[in-house]
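Close look at the chain arrangement
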Amino acid sequence: MAIRRQVALELGRRLKTHRLTQNLQQTELAARAGVARGTVQNLEAKGQCSLESLVRVVRALGLVDDLTTLFELKAAQSIAELARIEQGRRHRASTRSRA
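Residues numbered from 1 in each chain as written. Predicted model: local features only at pLDDT ≥ 70, side-chain atom pairs only at ≥ 80, totals over all residues. Heavy atoms only, no water.

It is worth spelling out unusual backbone geometry at this point. If you check the backbone angles, Asn 23 has positive phi at about 55° while not being a glycine. Relative to the elements of secondary structure, Asn 23 occurs in the loop between helix H1 (2-21) and helix H2 (26-33). (Helix = DSSP H or I, 4+ residues; strand = E, 2+ residues; numbered from the N terminus.)

Averaged over all residues, the pLDDT of the protein chain equals 87, while 81% of them reach at least 70. H2 holds the highest mean pLDDT among the elements of the protein chain, 98, whereas helix H6 (residues 79-88) holds the lowest, 70. (pLDDT = per-residue confidence, 0-100.)

Attention now goes to the packing of H2 against helix H3 (residues 37-46). At their nearest, the axes of H2 and H3 sit 8 Å apart, and the two run at 110° to each other. Between H2 and H3, the angle falls in the class roughly perpendicular. Viewed along their axes, H2 and H3 form a crossing whose handedness is right-handed. Residue-level contacts link Gln 26, Thr 27, Leu 29 and Ala 30 of H2 to Arg 37, Val 40, Gln 41 and Glu 44 of H3. (Axes fitted to C-alpha atoms, helices over the stretch in contact; angles between N-to-C directions. Parallel < 35°, antiparallel > 145°, perpendicular 65-115°, else oblique. Left-handed = near helix turned anticlockwise from the far one by under 90°. Contact = heavy atoms within 4.5 Å.)

The set of residues buried in H2 consists of Gln 26, Leu 29, Ala 30 and Ala 33. Down the axis of H2, the smallest arc covering the buried residues is 100°, so these residues share one side. Of the exposed residues in H2, the ones pointing more than 90 degrees away from its buried face are Ala 31 and Arg 32. Looking one or two places after H2, you find Gly 34, whose phi comes out positive at around 75°. (Buried < 20%, exposed > 50% of the residue type's maximum accessible area, 1.4 Å probe, protein only. Arc of directions from axis to C-beta.)

Here's what the structure looks like:
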């Protein structure tokens, strides 16, 4: 639970840093994102908002490209890693034709 909260708080801090780097006030960012100012405040201070609001804010800050790589599958680095990935895949029997 604590780790989830820390991640959310850090995300809020980073978005605030991007907002300040772009010299935007919370009200300006909220207007660009189509969310309430309170949404931006909660996101920055508490790391709390809906997923839709997060995407809107990220888009308004011009960070959409960062989202596209966020959950990208990483290529395996070693044979052992390839074997581990292969073990996690679901396997099914081949279909048999019935005579």
